[in-house]
Amino acid sequence: MTAVSQGPHPTLPELSPWSSAWEIVVSAAEPKTMAKPAQGAKYRGSVHDFPDFDPSQDAEALYTAMKGIGSDKEAILELITSRSNRQRQEVCQSYKSLYGKDLIADLKYELTGKFERLIVGLMRPLAYCDAKEIKDAVSGIGTDEKCLIEILASRTNEQIHQLVAAYKDAYERDLEADIIGDTSGHFQKMLVVLLQDLYEAGELKWGTDEAQFIYILGNRSKQHLRLVFDEYLKTTGKPIEASIRGELSGDFEKLMLAVVKCVRSTPEYFAERLFKAMKGLGTRDNTLIRIMVTRSELDMLDIREIFRTKYEKSLYSMIKNDTSGEYKKALLKLCGGDDDAAGQFFPEAAQVAYQMWELSAVARVELKGTVRPAGDFNPDADAKALRKAMKGIGTDEDTIIDIITHRSNAQRQQIRQTFKSHFGRDLMADLKSEISGDLARLILGLMMPPAHYDAKQLKKAMEGAGTDEKALIEILATRTNAEIHAINEAYKEDYHKSLEDALSSDTSGHFRRILISLATGNREEGGEDRDQAREDAQVAAEILEIADTPSGDKTSLETRFMTILCTRSYPHLRRVFQEFIKMTNYDVEHVIKKEMSGDVRDAFVAIVQSVKNKALFFADKLYKSMKGAGTDEKTLTRIMVSRSEIDLFNVRQEFIEKYDKSLHQAIEGDTSGDFRKALLSLCGGED
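Criteria and thresholds
- Each chain carries its own residue numbering, running from 1 in the direction its sequence is written.
- Per-residue local features of the predicted model are confined to residues with pLDDT of at least 70, and side-chain atom pairs are confined, for both listing and counting, to 80 or more; whole-chain, interface and lining totals are unaffected and use all residues.
- Computation of side-chain values: all heavy atoms of the structure, hydrogens and water removed.
- UniProt positions are given in the numbering used here, feature names are shortened, and annotations may be inferred rather than shown by experiment.
- Like-charged residues are merged into a patch within 9 Å and nonpolar side chains (Val, Leu, Ile, Met, Phe, Trp, Tyr) within 5 Å, provided each residue has over 30% relative accessible area and no salt bridge.
- Surface exposure here means Shrake-Rupley accessible area, sampled with a 1.4 Å probe, where a residue is shielded only by the protein chains that are shown.
- By convention in these notes, a salt bridge is any Lys or Arg side-chain nitrogen within 4 Å of a carboxyl oxygen on Asp or Glu.
- For the charge count, each Lys or Arg is scored as positive and each Asp or Glu as negative, with His and the chain ends excluded.
- All charge positions are set by atom: Lys at NZ, Arg at CZ, Asp at CG, Glu at CD.
- In this text, helices come from DSSP runs of H or I with a minimum length of four residues, and strands from runs of E with a minimum of two, each type numbered from the N-terminal end.
- When accessible area is computed with a 1.4 Å probe and restricted to protein chains, residues below 20% of their type maximum are described as buried, those above 50% as exposed, and intermediate ones as partly exposed.
- Here a Phe, Tyr or Trp ring, Trp counted by its six-membered ring, pairs with any other such ring whose centre lies within 6.5 Å, and the pair is stacked when the planes are under 30 degrees apart, edge-to-face when over 60, and tilted otherwise.

- The protein is annotated in an unreviewed UniProt entry as Annexin of Oryctolagus cuniculus.
- Checking UniProt for the protein, the heading Function (unreviewed entry) contains the comment "May associate with CD21. May regulate the release of Ca(2+) from intracellular stores."
- A UniProt comment under Sequence similarities (unreviewed entry) is attached to the protein, and it reads "Belongs to the annexin family."

## Here we look at a positive patch on the surface
Argument step 1. On the surface, Lys313, Lys470, Lys624 and Lys627 cluster together to form a positively charged patch.
Argument step 2. Looking at where Lys470 falls in the secondary structure, it is placed in helix α27 (residues 469-478).
Argument step 3. The exposure class of Lys470 is exposed, given its relative accessible area of 58%.

## Overview of the packing of aromatic side chains
Argument step 1. Taken as a whole and judged by the stated rule, the model has 15 aromatic pairs.
Argument step 2. Between Phe561 and Phe604 the ring centres are 5.2 Å apart and the planes differ by 70 degrees, which places this aromatic pair in the edge-to-face class. In this pair, Phe561 sits in helix α32 (residues 554-567) while Phe604 sits in helix α35 (residues 598-626), placing the two residues 43 residues apart along the sequence. Each member of the pair, Phe561 together with Phe604, is buried.
Argument step 3. One aromatic cluster is present, built from ring pairs that chain together Tyr63, Tyr95 and Tyr99.

## Regarding the pattern of salt bridges
Argument step 1. The tally for this structure, following the rule as stated, stands at 46 salt bridges.
Argument step 2. Between Glu474 and Arg638 there is a salt bridge, and its shortest N-O distance comes to 2.8 Å. Placement of the pair is Glu474 in helix α27 and Arg638 in helix α36 (residues 633-643), with a sequence separation of 164 residues.
Argument step 3. Three or more residues are tied together by salt bridges with common partners; here these are Arg117, Glu133, Glu150, Arg273 and Arg290.

Shown next, in the form of structure tokens:
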């Protein structure tokens, strides 16, 4: 095996075997005929060589900008961000020749803070920039594992070779030895594998599925691994990422996920890293600087496209809103332009979206709730414990929370009956009298059968002054046919009025038509029809006014579009959305947001998001219910109650994937007291 570094290698002890799922990865990774990489690919960086470049003239301009008291930061940023890295190296040499001084040292002296870090980063060759980042990551107390993961998981073989050489040159130390000295376990092993040139190491035999998996992910080509991941999805019905999350933890899990993401799409990996660096309170400036510096001459245009596709805003606008001063100006120059035309794709980004739909068409997502039937269930003991918790002065909320959040809904109904039989009392009435506020809404919601709970939420959304359209949309756009039918029966039983009549009385126009259509529960339940999907995509393109050849009257098209979204099966709609991308180069969700407005837009967007990824739809709703000042306790409670036995575990996974913090952490930070205890119990664990 030829290694870049000659430092010591960690031995690989016998490891406990993983689930047989990993055998699929190992077997799928057997060599196959691979597609050759594309030749003559277009340049996708945002920074280009400056025309009529004169390094001596630039050196003089920089010297003048730093001469005297203060410095002309505007001139410095304008010049440095307008030159390629190769040209900057020539400027450094000219500066040394003309003034006998080190340009980087002078810039460090004149500039400060984030702006200095950015400008100095741009002045280093890419390999030396990476070397400095890694040196900082392993120096001092603690290790910046995220930095190590980002750099080593995303760089090409050639870039890794250059990094190792630059590290040796700059610090007279061996990079592999430093990483081994600062990390441990499987995380360390994988980092070392990523530092090696292992493409010809086919004779290496490590002996266990776990070790082979590290080896395969660390050294197979991207084209090969994409085929492996596709084969894994077809065989298991779930993406490789789901298995990694289920089997691994900590930094090793994060590293493996980063490797997989970079194999699938390096620009998408960096788009996600940039978004997470700027979302929420505070900015992770080191991450933002590192990515903007190192990708500006590689794939910044691809990153921008995917960023806009994924987050419905341009990278430019997010940087503009999240940073300030010369630092902001320099970052925006590196970004290279504003793509804020909502919903519009460049061809490369459309291709990414199309591939996403291809994957979703074959994925079999296993839905998991967080609340399961209690083992050794004893309704008699539970009824007595609840009676004791509410008897006398004071209430034992802990016991109430513990019992009710750890029983399935069917078990709770048995407890209600047993409570009535034993004590001649209505458990719901007793709970109402003993607990109050947010905790009462949560506990009483859990005690109701699901259809009756949804019926009550719909009733509350329509009663009194004003209508809670968001609650109506959330429930009706996401429930299955069977759930909708049960809700209709429960509504009639509890309120002596049909749900359709109630919706007719309380809503109007196209919004009413959409809700009533959803409330009939007549969604098709078959698979996809490709020919029909193309026709449906054409209708969507015409109603959203982006078709090349519109046909038919507007009213008829609106009715057909509503029928498509409200009655076609989920697998069929996924195919429709995919055909829509092929046909128009747009994503249907983004176009709906751009072309429509009000409740009709919100209803259609909810349907599309639910079809795309229902768990992610609920994760987004939960995040929004807790972000910013104040908490939307009603939405938070409604989702936690209604999804706890269906897919709350999946919602948790989507939450941490998108927002880089767990649902458990969000609840813990945004709620308090017994309400928080009950929510955390329903949440079912920390991710």
